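Breakdown of the fold
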Amino acid sequence: MTLLARVNPEEPLAENLLGVGRLSERFLAPLGLGPQGRLAGLCHDLGKATPYFQEML
């Protein structure tokens, strides 16, 4: 079963988390916080992996 990040477009959750992780890393790299930004981006929507959220979609 593929976990989704949202209804439209039907973006896989893993793809969304990786993209946000990369973006956050780039934004925070000039502050020396690139790895922390990547981790925050990877974790920002983990609640969407719950059965409750997936059923809502």
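All residue numbers here refer to positions counted from 1 along the written sequence of the relevant chain. Local features in this predicted model are restricted to residues whose pLDDT is 70 or higher, and side-chain atom pairs enter the listing and the counts only when it is 80 or higher, whereas totals over whole chains, interfaces and linings include all residues. Heavy atoms throughout the structure, all of them, feed into the side-chain values; hydrogens and water do not.

1. Examining the overall build of the protein
- Scanning the protein from N- to C-terminus turns up three helices and zero strands.
- The helix and strand labels rest on DSSP assignments: H or I over at least four residues marks a helix, E over at least two residues marks a strand, and numbering proceeds from the N terminus. Seen in sequence order, the protein has helices and strands lined up from the N terminus as α-α-α.
- Residue exposure (1.4 Å probe, protein chains only): buried if accessible area is under 20% of the type maximum, exposed if over 50%, otherwise partly exposed. Classification of the 57 residues of the protein by burial places 23% in the buried group.
- For this analysis, residues touch if any pair of their heavy atoms sits within 4.5 Å. In the protein, of all internal contacts separated by at least 6 residues, the share reaching a separation of at least 24 is 45%.
- Approximately 4100 Å² of the protein is accessible, and the part contributed by carbon and sulfur atoms is 64%.
- Positive and negative side-chain charges of the protein, numbering 5 and 6 respectively, have mean locations separated by a distance of 8 Å. The accessible surface values rely on the Shrake-Rupley method and a 1.4 Å probe; as for residues, cover is taken only from the protein chains in view. Charge assignment: positive for Lys and Arg, negative for Asp and Glu; neither His nor the chain ends contribute. One atom stands in for each charge, and that atom is NZ of Lys, CZ of Arg, CG of Asp or CD of Glu.

2. Some details on the pattern of salt bridges
- Salt bridges are defined as contacts in which a side-chain nitrogen from Lys or Arg sits within 4 Å of a carboxyl oxygen from Asp or Glu. In this structure the tally under the stated criterion is three salt bridges.
- A salt bridge links Arg 38 to Glu 25; its shortest N-O distance comes to 3.7 Å. Here the residue Arg 38 occupies a position in helix H2 (residues 34-43), and Glu 25 occupies one in helix H1 (residues 13-28), the gap between them amounting to 13 residues.
- The partly exposed category is assigned to Glu 25, whose relative accessible area is 29%.

3. Considering H2
- When we look at burial in H2, the residues that qualify are Gly 34, Gly 37 and Gly 41. For H2, the angular spread of the buried residues around the axis is 60°, confining them to a single face. Residues of H2 that are exposed and point over 90 degrees away from its buried face: Pro 35 and Leu 39.
- For H2, the elements touching its buried residues are H1. To be clear, the arc concerns the directions from the helix axis to the C-beta atoms.

4. What about H1?
- Working rule for helices: expected span equals 1.5 Å times residues minus one. Between its first and last C-alpha atoms H1 spans 22 Å; for 16 residues at 1.5 Å apiece the expected length is 22 Å, and the two agree.
- Along H1, the positions that sit buried rather than exposed are Leu 13, Asn 16, Leu 17 and Gly 21. Across the axial projection of H1, the buried residues extend over an arc of 135°, all falling on one side.
- For H1, the secondary structure elements touched by its buried residues are H2.

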